[in-house]
Amino acid sequence: QVHLVESGGGLVQTGDSLRLSCAASGRTFSSYVMGWFRQAPGKEREFVAAISWSGGNAYYADSVKGRFTIARDNAKNTVYLQMNSLKPEDTAVYYCAVRLARVVVFRDYEYDYWGQGTQVTVSS
């Protein structure tokens, strides 16, 4: 049974930083793509960032490029999302996901397992 658990969300002010973590269990994820998505109230879930199996390649949505950084520690089966210069429009539930393949994709339906999400709220 694959299990993903996000943590690190919270309420912050504009310009603050947060680091989200996603701990994976149930199998070894070092060979697979991991990603972060988010869903704001009344909106569809959207891609935020993804990282290749080795950690050598990272991809970002234009809205977060330059502010967010995705990283992974395969020894710990954990992926991180460092979020800097947060804006009110970053407010959403953030989900981590794993794709049981090595090709990085950006559509949520192509990911196989999901965490329960962690709320990030940025006040103005």
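Use the structure listed above.
Please read all numbers here as calculations on a predicted model, not as lab measurements. (Residues numbered from 1 in each chain as written. Predicted model: local features only at pLDDT ≥ 70, side-chain atom pairs only at ≥ 80, totals over all residues. Heavy atoms only, no water.)

Asks: Could you clarify how one ought to interpret the packing of aromatic side chains in this entry?
Replies: Where two aromatic rings form a pair, the distance of their centres and the angle of their planes describe that pair. A complete count under the given rule lists 7 aromatic pairs for this structure. Seen in terms of ring centroids, Y95 and W114 are 6.5 Å apart; in terms of plane orientation they differ by 75°. Their pairing is edge-to-face. Here the residue Y95 occupies a position in strand β9 (residues 92–99), and W114 occupies one in strand β10 (residues 113–114), the gap between them amounting to 19 residues. Its relative accessible area of 16% is what places Y95 among the buried residues. The partly exposed category is assigned to W114, whose relative accessible area is 24%. Connected via pairs of aromatic rings, a cluster forms that spans F37, F47, Y59, Y95, F106, Y111 and W114. Looking at R45, its charged tip hangs above the ring of W114, at a distance of 3.8 Å from the centre. (Phe/Tyr/Trp six-rings, centres within 6.5 Å; stacked < 30°, edge-to-face > 60°. Helix = DSSP H or I, 4+ residues; strand = E, 2+ residues; numbered from the N terminus. Buried < 20%, exposed > 50% of the residue type's maximum accessible area, 1.4 Å probe, protein only. Lys NZ or Arg CZ within 6 Å of the ring centre and 35° of its normal.)

Asks: Can you walk me through the environment of A75 in this structure?
Replies: Among the structural elements, A75 can be located in the loop between β7 (68–73) and β8 (78–83). In this structure A75 comes out as exposed when scored by relative accessible area, which is 78%. On a C-alpha basis, the gap between A75 and T28 in space is 9.2 Å, while along the polypeptide they are 47 residues apart.

Asks: Help me out: how do you make sense of the side chain of R99 in this one?
Replies: Position of R99 among the secondary structure elements: in strand β9. Discounting chain neighbours no more than four positions away, the residues touching R99 are Y32, V33, V105, E110, Y111 and D112. (Contact = heavy atoms within 4.5 Å.)

Asks: Just to check I follow, could you spell out the pattern of salt bridges for this structure?
Replies: Pairing of side chains with opposite charge becomes possible as their charged atoms draw close. In the structure shown here, the tally under the stated rule is 6 salt bridges. Taking the shortest distance from any N to any O, the salt bridge between R38 and D90 comes out at 2.9 Å. Taken as a pair, R38 in strand β4 (residues 33–39) and D90 in the loop between β8 and β9 lie far apart in primary sequence, 52 residues in all. According to the relative accessible area criterion, R38 is buried, its value standing at 5%. Between E110 and R107 there is a salt bridge whose closest N-O contact spans 2.6 Å. Salt bridges sharing common partners tie together R38, E46, R67 and D90. (Salt bridge = Lys/Arg side-chain N within 4 Å of Asp/Glu carboxyl O.)

Asks: What exactly am I supposed to notice about the state of the cysteines here?
Replies: A covalent bond between the sulfur atoms of two cysteines is what we call a disulfide. Taken as a whole and judged by the stated rule, the model has 1 disulfide. What pairs with C22 in a disulfide is C96, and their sulfur atoms sit 1.9 Å apart. Of this pair, C22 sits in strand β3 (residues 18–25) while C96 sits in strand β9; the two residues are 74 residues apart in sequence, bridging distant segments of the chain. Both residues of the pair, C22 and C96, count as buried. (Disulfide = S-S within 2.5 Å.)

Asks: Honestly, unusual backbone geometry in this entry has me stumped. Any pointers?
Replies: Peptide bonds are mostly trans, and most non-glycine residues show a negative phi. Its identity is not glycine, yet N77 carries a phi of approximately 50°, on the positive side. With respect to the helices and strands, the residue N77 is situated in the loop between β7 and β8. You will see that S85, though not glycine, has its phi angle at about 50°, which is positive. Within the secondary structure layout, S85 lies in the loop between β8 and β9.

Functional significance is not addressed by these values, which are geometric in nature.
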